[in-house]
Structure formats: structure tokens, C-alpha cells
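Chain and residue survey
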Amino acid sequence: MAYLDPKTHFAIGERLRNWLGDRGRDDDPVAAGGKESWQEHVYTDIGSFLFDNKLDPTPDNYDLAYQFRAASNAQLVAAIRAEIDKSGALDADAAERIFADTAGPISPDALTKFAQQIEAQADGLSTIARQSGRDASDFRTALEKECADGASPGPVMELTQAMVARTRAAEAQLRSAQKELQGLRVTLIEAQRAADVDPLTELPNRRAFKRELEQMIDIAREKGEHVSLAFCDIDHFKRVNDTHGHETGDRVLRYVASTLARAFEKNGIVGRFGGEEFVVALPGMTLTQAKKLIDETREQLCARHLYTSDEKTDIGSVSFSAGVTTLTTGDGTAELLRRADEALYRAKGSGRNRVVIG
């Protein structure tokens, strides 16, 4: 699982501190010892959750444990409980899948909030513009009246100065509002990207890939075209992490991601589905064509030898196993993914470093 950037560390820390602040009140009978004892309790509780489920203390896992213990995310809590009831514990792959599906780096609520802020700011700009128009109309009416009544230059000058002052104030408001609006738009773009991109590999994450696949299937059905899908899983990836460390493991993940992205940048979409699993959607390709391309990419990948960052240790070749399937009548996204996943497991069970059709 990828370590997140410092901003995410800070955000998680803030959420923990806010939770502690809410719970550590003097009138809270549970928090008899105040915030200090609550802090010890919370971190012990989260630490126990990670230890009991053999999860590494990564920011994602801390956030997942926090949301589970605080019951702040009903969907996440239900998914974790279902997994524990089924398997007896929450392994790393299940934790990553649940976090990607139910938590994510940026929630849809946050994106909605940004969009609402932008709309509100745009409405504010319209209000300022309408008010400026009304001010100009009122000034013209008042000026015409003063001139018709034969007013002296003094009152007319005062009226003009007042209008100039109001115009300048409106211009300042407009500049400030436009600057804020631009900032909100940039924030929204960044938030949308963060919600859709895996931070380690910079590929579309599980959520974004599934959304793209759904759209791809809809288009294929309308046009009567093919859509093929491949599940790719790096072989013996745990051995890389155990032998060379997680930093080297992350470099291998990025290398495989870039290899797949380059191979299919013109005719497909590549996403990171979680852990060492990648998915490739290939619109317009038959099952035979898709298998051939995935197989060629697998051969290109394992033909190279990789080294650690100091170039002193030979990691060796890296390969992947893959399961490939294609869209059939009645398939939806879930069915297509399930069939490719089953083919992948057959590929791994039959010796790895191969592509199996499902």
C-alpha cells in the first residue's frame, strides 16, 4: 500500500485531533482522565485494530481504523464487519479495497461542497454586476433630474463623485470575487484529480477506472462494438517487498504501471485496482486481440532486469499473470471484472507469468 503525501498525513492528524477534542471534554464521563487519557485510549485502540488484523501502520490504514472505531463511515464499518465475519480478520488486500471503495482520498461530499462554493461565488458575481447596473441607471436618472432642475455644478459634482466611489467599490468587489472564484475552480480541479488518481502510480484508481469502464460498456452496447478487459497481477510481489524493502516495491509498482500505461495509451485505459493488481480496458478489441497485446506486454516486461535504486542489487526480472475476458450479452461492469479476476487466479494457479482467457 502506498504511503501518502505530507498533506494527507496532516489531514489525518487533524481528523484524529478533532475527534479527541470532541471526546476529551471535562463533562464527558467516559473521558474521566481528560484529553490525555483519551489520546492514549484512541491510539491504543487503533493500534490494536491494526495489530489484530496484521495491517501495516500506513496513513491509509490509520484512517481506515479511525473511521471504523469512530463509526464515522457507515459503509466502511459495514464492509469491514462483513469481511471480518467472513474471513476472521481484515487482510491488507481487503483493507485497501474497502478503503478505496468507501473512503478514498477525497470524498464525493467534498467535491460537492467545492462545486457549491463555486456556484455561490458565481451567483455573487452576478449580484454585483446587477447592482452595478442598477447604480448606473439610478445615477443617470438622478443626473438627468438635477440637470433638468437647473442644479448648480456643486450638487452635480457630489452626485458624480458618489457614483465614482460606488463604481470603484464594485470593481474592487468584482476583482476579489473573481480571484476567489478562480481559486475555488483550481481547488475543485485538484480535488477531482486527487479523487480519481492513485498517488503512487498516477494511474486512475479503482473508483475512476470502474466509472470509465461503465461508460465504455454503455458506448460499446450502443455501437455494437467489443470491449475486452484484463486483470494483471505482479508475480511474487511480496518477495520483492520482503527481500528489498517497500521503497523498492513501490519502484517496481511504478515501473509496471508505466510499462502498462505506455503499452495501452493509444488503445485502452489502465488503472491500479489495489495492491499489485492492475486492470486494462480495451475498447474495440476482440478477446484474441486483447490476449495477444497483453501477452506481448508481459514478455516485454519480463525481458528486462531491474536493480535497486543504488544499482548494487539485481532484483531480477518482474513478470505478471493476467486474466482476459470480453464483453458478452447481459454483462455489466461487475460481471466483466469477476470473469477476468477468475481467469487471473487460474493463471496464477497454473504457474504464473502467463495470460489465461476467461
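Scroll up a little and you will see the structure.
Here's a quick rundown of the structure. (Residues numbered from 1 in each chain as written. Predicted model: local features only at pLDDT ≥ 70, side-chain atom pairs only at ≥ 80, totals over all residues. Heavy atoms only, no water.)

**Examining unusual backbone geometry**
Put simply, the rule is: Helical segments are the DSSP runs of H or I of at least four residues, strand segments are the runs of E of at least two, and each set is numbered from the N terminus.
One non-glycine residue with positive phi stands out, namely lysine 54, at about 55°. Positionally, lysine 54 belongs in the loop between helix 2 (34-52) and helix 3 (59-70).

**A word on the packing of aromatic side chains**
As a reminder of what qualifies: Here a pair means two rings of Phe, Tyr or Trp (six-membered ring of Trp) with centres within 6.5 Å. Their orientation is stacked below 30 degrees between planes, edge-to-face above 60, and tilted elsewhere. Only protein chains enter the area calculation, which uses a 1.4 Å probe; residues under 20% of their type maximum are buried, those over 50% are exposed, and those in between are partly exposed.
Following the criterion strictly, the structure yields two aromatic pairs and no others. Taken together, a centroid distance of 5.1 Å and an interplanar angle of 40° make the contact between phenylalanine 49 and phenylalanine 68 tilted. Remark: phenylalanine 68 occurs in helix 3 and phenylalanine 49 occurs in helix 2; sequence separation between them is 19 residues. We note that phenylalanine 49, like phenylalanine 68, is buried.

**Remarks on the side chain of threonine 248**
What counts here: We define a polar contact as two N or O atoms separated by no more than 3.5 Å, with the added condition that, inside protein, one atom must be a possible hydrogen donor and the other a possible acceptor, whereas residues neighbouring each other in sequence contribute only through side-chain atom pairs. Should any heavy atoms of two residues lie within 4.5 Å, those residues are considered in contact.
By the secondary structure assignment, threonine 248 is in helix 10 (residues 246-264). The class of threonine 248 is buried, set by a relative accessible area of 7%. Here histidine 244 takes part through its backbone oxygen, which lies 3.3 Å from a polar atom of the side chain of threonine 248. Residues contacting threonine 248, with those up to four places away along its chain left out, are Val240, Thr308 and Ile315.

**Focus: the environment of phenylalanine 278**
Inspection of the secondary structure assignment puts phenylalanine 278 in strand 3 (residues 277-283). A residue is classified by how much of its surface remains accessible, and phenylalanine 278, at 1% relative accessible area, is buried. A C-alpha to C-alpha distance of 5.1 Å links phenylalanine 278 and cysteine 232, two positions 46 residues apart in sequence.

**Structural notes on the packing of helix 8 (residues 206-223) against helix 12 (residues 333-349)**
Which entries qualify depends on this criterion: Whenever a helix is involved, its axis is fitted only over the stretch in contact; in every case the axis is a line through C-alpha atoms, and angles between N-to-C directions fall within 0 to 180 degrees. Oblique is the label for any angle not under 35 degrees, not over 145, and not in the 65 to 115 range, which are roughly parallel, roughly antiparallel and roughly perpendicular in turn. When the near helix sits turned anticlockwise from the far one by under a right angle, the crossing is termed left-handed; a clockwise turn instead gives a right-handed crossing. For this scheme, ten residues count as nonpolar: Ala, Val, Leu, Ile, Met, Phe, Trp, Tyr, Cys and Pro. Four count as charged, namely Asp, Glu, Lys and Arg, and the remainder, Gly too, count as polar.
Where helix 8 meets helix 12, the axes come as close as 10 Å, and the angle between the chain directions of the two elements is 110°. Relative to helix 12, the element helix 8 lies roughly perpendicular. Crossing hand, helix 8 versus helix 12: right-handed. Here Lys210, Leu213, Glu214 and Ile217 of helix 8 lie close against helix 12, whose contacting residues are Thr333, Leu336 and Leu337. Here the residues of the contact of helix 8 with helix 12 sort into four nonpolar, one polar and two charged.

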